[in-house]
Amino acid sequence: MSPLSGAAQPDPTPAGTPLPRLWLLRHGETEWSRDGNYTGLTDLPLTPFGEEQALEAKRHLAGIDFDLVMSSPLQRAVRTAELAGFPRPEIVPHAHEWDYGDNEGRNSAQVRRENPDYLIWKDGAPNGETLEQVAARADRIISRVQAGCHTPADQDPDASPVQNALLVAHGHFLRVVAARWLEFAPVEGRRFVLGTAAVCSLGWDKHTPAIIQWNL
């Protein structure tokens, strides 16, 4: 895919390739996402509309030469990847959604009837994951994508850099990935609204991590 018109170009890696771009694809609609229920580790399928959304997402990714395609192990992500044109993604066990613990299957209105000030970004998930645990999983994805780039996230400087990577996963998790890519605290993921089957890309303004496209 040609670069965006007028956009700053990334600096090169030590190998001489551009710093990598990480593309994000949220899974399509499920019954629980449609109804606003917290859906963490419950392995729900896509709705028929969710399958249509995944097929539509394909056009945003057409023509991109991906060095690496990763998916959450949950079926809603794997099926979205398949419908978007990637039938054999690498399944990454730590790319699952936030473990919502006691809030699994409930919606925020139900939770706030018991705790009016509840906000997952500050209160976490009772008997589930903390935000810091989610962020640690997100950091593993970023380190993988930036391996060989000599960036602060690079944990394997001798690796061969990728140029385009795709991650098919989940709303809250991808928002944390975006925050961490930008070198923000994970709580700043709250500022990135992300629809079902939305496509985003994370890259660079020279050597500064940046959002290139969001919520396509």
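Being a predicted model, the structure only gives us computed values, none of them experimental.

**Student:** Sorry if this is basic, but what is going on with helix α6 (residues 131-145) here?
**Tutor:** Owing to its 3.6 residues per turn, the α-helix aligns residues three or four sequence positions apart on the same side. With 15 residues, α6 should cover 21 Å at 1.5 Å per step; its first-to-last C-alpha distance of 21 Å lies within 8% of that length. Where α6 is concerned, the buried positions are L131, V134, A135, R137, A138, I141, I142, S143 and V145. Buried residues along α6 sit in contact with β1 (21-26), β2 (68-71), α5 (120-123), β4 (164-169) and α7 (171-181).

**Student:** What is the right way to look at the packing of aromatic side chains in this model?
**Tutor:** Scanning the model with the defined rule gives seven aromatic pairs in all. Judged by centre distance (6.3 Å) and plane angle (25°), the rings of W98 and Y100 are stacked. Residue classification places Y100 among the buried residues on the basis of a relative accessible area of 3%. The interplanar angle of 50° and the centroid separation of 5.4 Å between the aromatic rings of F192 and W214 together place this pair among those described as tilted. With F192 in the loop between α7 and β5 (199-205) and W214 in the segment after β6 (208-213), this pair connects stretches of sequence that are 22 residues apart.

**Student:** Which parts of the structure should I look at to understand helix α2 (residues 48-61)?
**Tutor:** The terminal C-alpha atoms of α2, which comprises 14 residues, lie 21 Å apart, in line with the 20 Å expected from a rise of 1.5 Å per residue. Inspection of α2 places G50, Q53, A54, A57, H60 and L61 among the buried residues, and these make up the whole buried set. Looking straight down α2, one finds that the buried residues subtend no more than 100° of arc, so they occupy a single side. For α2, the exposed residues set more than 90 degrees away from the buried face come down to P48 and R59.

**Student:** What am I meant to see in the pattern of salt bridges here?
**Tutor:** Should the charged atoms of two oppositely charged side chains come close, the side chains can pair. One pass over the full model with this rule turns up ten salt bridges. When the shortest N-O distance is used, the salt bridge between R106 and E114 registers 2.6 Å. For R106, a relative accessible area of 21% translates into the label partly exposed. Among the ionic pairs, D139 bridges to R180, the shortest N-O distance being 2.9 Å. Of this pair, D139 sits in helix α6 while R180 is found in helix α7, placing the two residues 41 residues apart along the sequence. Residue classification places D139 among the partly exposed positions, given a relative accessible area of 27%. With a relative accessible area of 25%, R180 lands in the partly exposed category.

**Student:** Would you explain the packing of α2 against helix α3 (residues 75-83) in this entry?
**Tutor:** Where α2 contacts α3, the axes come no closer than 8 Å and their chain directions differ by 45°. Comparing the axis directions of α2 and α3 gives the class oblique. The handedness of the crossing between α2 and α3 is right-handed. Contacts between α2 and α3 involve E51, A54, L55 and K58 on the former and, on the latter, R79, T80 and L83. Residues belonging to the contact of α2 with α3 are distributed by class as follows: three nonpolar, one polar and three charged.

What counts, and where the lines are drawn
- What you see as residue numbers is a count from 1 along each chain, following the sequence as written.
- In view of the model being predicted, local features appear only for residues whose pLDDT reaches at least 70, and side-chain atom pairs are presented and counted only at 80 or more, with totals across whole chains, interfaces and linings using the full set of residues.
- For the side-chain quantities, the full set of heavy atoms in the structure was used; hydrogens and water were omitted.
- For the purposes of this entry, the term helix denotes a DSSP run of H or I that reaches at least four residues, the term strand denotes a run of E that reaches at least two, and both are numbered from the N terminus.
- Take the residue count of a helix, subtract one, and multiply by 1.5 Å to get its expected span.
- Each residue is placed in one exposure class: buried if its accessible area under a 1.4 Å probe, protein chains only, is under 20% of its type's maximum, exposed if it is over 50%, and partly exposed if it falls in between.
- A contact between two residues is defined here by any heavy atoms of the two lying within 4.5 Å.
- Note on aromatic contacts: the rings of Phe and Tyr and the six-membered ring of Trp form a pair at centre separations within 6.5 Å, being stacked when their planes are under 30 degrees apart, edge-to-face when over 60 apart, and tilted otherwise.
- Think of the arc as the fan of directions from the helix axis to the C-beta atoms.
- Here, a salt bridge means any side-chain nitrogen of Lys or Arg that lies within 4 Å of a carboxyl oxygen of Asp or Glu.
- For helices, the axis comes from a line fit to the C-alpha atoms of the stretch in contact; other axes are also lines fit to C-alpha atoms, and the angle between any two N-to-C directions lies between 0 and 180 degrees.
- Under this scheme an angle from 65 to 115 degrees is roughly perpendicular, one under 35 degrees roughly parallel, and one over 145 degrees roughly antiparallel; angles in between are oblique.
- The crossing is said to be left-handed when, going from far helix to near helix, the turn is anticlockwise and less than a right angle, and right-handed when the turn is clockwise.
- Under the convention adopted here, Pro, Cys and the residues Ala, Val, Leu, Ile, Met, Phe, Trp and Tyr are nonpolar, Asp, Glu, Lys and Arg are charged, and Gly plus all remaining residues are polar.

Take it as geometry only, folks, not as evidence of what the structure does.
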